[in-house]
Amino acid sequence: MDFIAGAIGGGLSTAVGYPLDTVKVRIQTERHYNGIWHCIQETYRTEKVRGFYKGVSASVLTVSLISSVSFGTYRNFLCTICKLRYGAADAKPSKLDISLAGGGAGAVRAVFTAPSEVAKVRMQTQRNPHPSLTSTQSDSRPKYRGSLHCLKVITEEEGFGGLYKGCSALLCRDCFSSAMYFLTYSALCDWLTPAGQNKPGFLIVLLSGGFAGVMAWGLGTPLDVIKSRMQTDESDQHKYKGLIHCAKESVRKEGAKVLFKGLGLNCIRAFPVNMVVFVTYEGVLRFTDHYM
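Every chain is numbered independently, its residues counted from 1 as its sequence is written. It should be noted that, the model being predicted, local features are given only for residues of pLDDT at least 70 and side-chain atom pairs only at 80 or more, the latter also being counted only at that level, while totals for whole chains, interfaces and linings use all residues. Neither water nor hydrogens contribute to the side-chain values; these are computed over all heavy atoms in the structure.

1. Focus: the overall build of the protein
Strands here mean DSSP runs of E at least two residues long; helices mean DSSP runs of H or I at least four residues long; both are numbered from the N terminus. When you go through the protein residue by residue, the secondary structure sums to nine helices and zero strands. Its helices and strands taken in sequence order, the protein reads α-α-α-α-α-α-α-α-α from the N to the C terminus. Residues counted as buried form 50% of the 292 residues belonging to the protein. Throughout, a residue-residue contact means that at least one pair of heavy atoms, one from each residue, lies within 4.5 Å. Intrachain contacts of the protein at a sequence separation of at least 6 include 76% that bridge at least 24 residues. Only protein chains enter the area calculation, which uses a 1.4 Å probe; residues under 20% of their type maximum are buried, those over 50% are exposed, and those in between are partly exposed.

Here you go:
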């Protein structure tokens, strides 16, 4: 049931946070934006509302699947760790147990998400003005016509390895942020839940989920910037040789502050998105426990 609850929560959260995710990716990968509001204005001026939702259909399906894998894997890892350490899968886990299970879930998620992350970032950074703003049909013809077409073009031009560009940064980001994500959520729920109450109330779930998302994205933003830049590096560019080279080149050209591009936006987006994720996850689990 954890897999189903995670899938529903992930799908709903994507619909809530996708426009801000597009703005975040553009700020991280392109240098001509003065800030969040400037990026929003420029995107709307040239591409209208649909510019904020490029690649959203594939992302909803993918995030639903990945959220399912993430929550389901986390729960299974945690049960396995508790069984090995304490002899019972339902034993109360320590903070270390939760962190290890969260990190393991992040690693599994990274392997599954790499191709869809590359396609999402390429679609979000693609420039194709709204038809009403172009004078000819050819001017508005994009290189990628959709998420599946984007994956096809990447495979043809860059080989299978092109689908896993930035995977090293993605793996580091997801392992670390996932560990912090589940640890923060668990710690806040324990701290805020009154003594004698078995499960946290939905308000506590909302707050804990929101702050867990902020913590995970706040700490994971530097690796997120590097990941996005590596994934936009197409076959005819070859700007980056790897994670370390990308980080060095980005800092050399734009200073250390480049690693924190989109930090504020990540945190703003993370709070409502992860409130939705956790309250949906907990709601589905409680509903099935009560009625099934």
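On we go from here.
2. Focus on the packing of aromatic side chains
The way to describe two aromatic rings as a pair is by their centre distance and the angle between their planes. Think of it this way: a Phe, Tyr or Trp ring, Trp meaning its six-membered ring, pairs with another when their centres are within 6.5 Å, and the plane angle makes it stacked under 30 degrees, edge-to-face over 60, tilted otherwise. Applying the stated criterion to the full structure yields nine aromatic pairs. Judged by centre distance (5.6 Å) and plane angle (45°), the ring pair of Phe160 and Tyr164 falls under tilted. Relative accessible area serves as the criterion here: at 29%, Tyr164 is assigned to the partly exposed category. On the basis of an interplanar angle of 15° and a centroid distance of 3.8 Å, the ring pair of Tyr185 and Phe278 is categorised as stacked. Highlighted residues: Tyr185 in helix 6 (residues 167-192) and Phe278 in helix 9 (residues 263-291), separated in sequence by 93 residues. For Tyr185, a relative accessible area of 8% puts it in the buried group. Judged by its relative accessible area of 2%, Phe278 falls in the buried class. Here the aromatic residues Phe71, Tyr74, Tyr181, Phe182, Tyr185, Phe278 and Tyr281 are joined through ring pairs into a cluster of three or more. Against the face of Tyr44 rests Lys48, its NZ or CZ located 5.2 Å from the ring centre. Note on geometry: a ring has a charge over it if NZ (lysine) or CZ (arginine) is within 6 Å of the ring centre and within 35 degrees of the ring normal.

3. Brief notes about the environment of Leu151
Along the chain, the position of Leu151 falls in helix 5 (residues 147-158). The class of Leu151 is partly exposed, set by a relative accessible area of 23%. With 31 residues separating them in the primary sequence, Leu151 and Lys120 have C-alpha atoms 9.6 Å apart. Contacts of Leu151, omitting those with residues within four sequence positions, involve Pro115, Ala119 and Leu163.

4. So, the nonpolar core
Among buried residues, the Ala, Val, Leu, Ile, Met, Phe, Trp, Tyr and Cys ones that are joined through side-chain atoms within 4.5 Å form a nonpolar core. Core analysis: the largest hydrophobic core is formed by 20 residues, its most contacted members being Phe71, Tyr74, Ile98, Tyr181, Phe182, Tyr185 and Phe278. Contributing elements (two or more residues each) for this core: helix 3 (56-86), helix 4 (95-125), helix 6, helix 7 (202-231) and helix 9. A per-element tally of this core places helix 6 first, with five residues. Ignoring sequence-local partners within four residues, the contact set of Tyr74 consists of Val69, Ile98, Ala101, Gly102, Ala105 and Phe182.

5. Concerning the side chain of Thr193
With respect to the element layout, Thr193 can be found in the loop between helix 6 and helix 7. Given the relative accessible area of 14%, Thr193 is considered buried. Beyond its immediate sequence surroundings of up to four residues, Thr193 is in contact with Lys199, Pro200 and Ile204.

6. Here we look at the confidence of the model for the protein
Per-residue confidence for the protein averages 83 on the pLDDT scale, and 84% of its residues sit at or above 70. Known as pLDDT, the predictor's per-residue confidence is scaled from 0 to 100. Model confidence for the protein, summarised as mean pLDDT per element, is weakest for helix 1 (residues 2-29) at 69 and strongest for helix 6 at 94.

7. So, the packing of helix 4 against helix 7
Helix axes are fitted only over the stretch in contact, all axes being lines through C-alpha atoms; the angle between N-to-C directions runs from 0 to 180 degrees. It is the contact of helix 4 with helix 7, at a shortest axis distance of 9 Å, that shows an interaxial angle of 75°. Our classification of the angle between helix 4 and helix 7 gives roughly perpendicular. Residue-level inspection shows Ala114, Glu117, Val118, Val121 and Arg122 of helix 4 in contact with helix 7, the latter providing Lys227, Ser228 and Gln231. When residue character is reported, Ala, Val, Leu, Ile, Met, Phe, Trp, Tyr, Cys and Pro are called nonpolar, Asp, Glu, Lys and Arg charged, and the others, Gly included, polar. Its residues assigned to classes, the contact of helix 4 with helix 7 comprises three nonpolar, two polar and three charged. Orientation categories follow fixed angle ranges, with anything under 35 degrees roughly parallel, anything over 145 roughly antiparallel, 65 to 115 roughly perpendicular, and all other angles oblique.

8. Focus: helix 5
End to end, helix 5 covers 16 Å across twelve residues, agreeing with the expected 16 Å (1.5 Å per residue, within 8%). Regarding helix 5, the residues found buried are Ser147, His149, Cys150, Val153, Ile154 and Glu158. Seen along its axis, helix 5 keeps its buried residues to an arc of 155°; they face one direction. Among the exposed residues of helix 5, those oriented more than 90 degrees off its buried face are Leu148 and Glu156. One less than the residue count of a helix, multiplied by 1.5 Å, gives the span that helix is expected to have. Working definition: the arc comes from the directions between the helix axis and the C-beta atoms, pointing outward to the latter.

9. Some details on the packing of helix 4 against helix 6
Look at helix 4 against helix 6: their axes get within 7 Å of each other, and the N-to-C directions meet at 140°. What the angle tells us is that helix 4 and helix 6 run oblique. Here helix 4 and helix 6 pass one another in a crossing that is right-handed. Class assignment of the residues belonging to the contact of helix 4 with helix 6 gives a composition of 13 nonpolar, eight polar and six charged. Note: crossing handedness is left-handed where the near helix turns anticlockwise from the far helix by less than a right angle, and right-handed where it turns clockwise.

10. A few points about the pattern of salt bridges
Each reported salt bridge corresponds to a side-chain nitrogen of Lys or Arg within 4 Å of a carboxyl oxygen of Asp or Glu. With the rule as written, the count across this model stands at 19 salt bridges. Here Glu254 and Arg229 are joined by a salt bridge, their closest N and O atoms 2.7 Å apart. Of the two residues, Glu254 sits in helix 8 (residues 243-254) while Arg229 sits in helix 7, which places them 25 residues apart along the sequence. Neither residue differs from the other here; Glu254 and Arg229 are each classed as buried. Put simply, Arg286 and Glu282 hold a salt bridge, and the shortest N to O gap is 3.8 Å. Note that Arg286 and Glu282 are positioned in helix 9 at a spacing of four residues, about one turn of the helix. In this pair, the class of Arg286 matches that of Glu282, namely buried. Sharing partners across several salt bridges, the network here consists of Lys24, Arg109, Arg173, Asp174 and Asp224.

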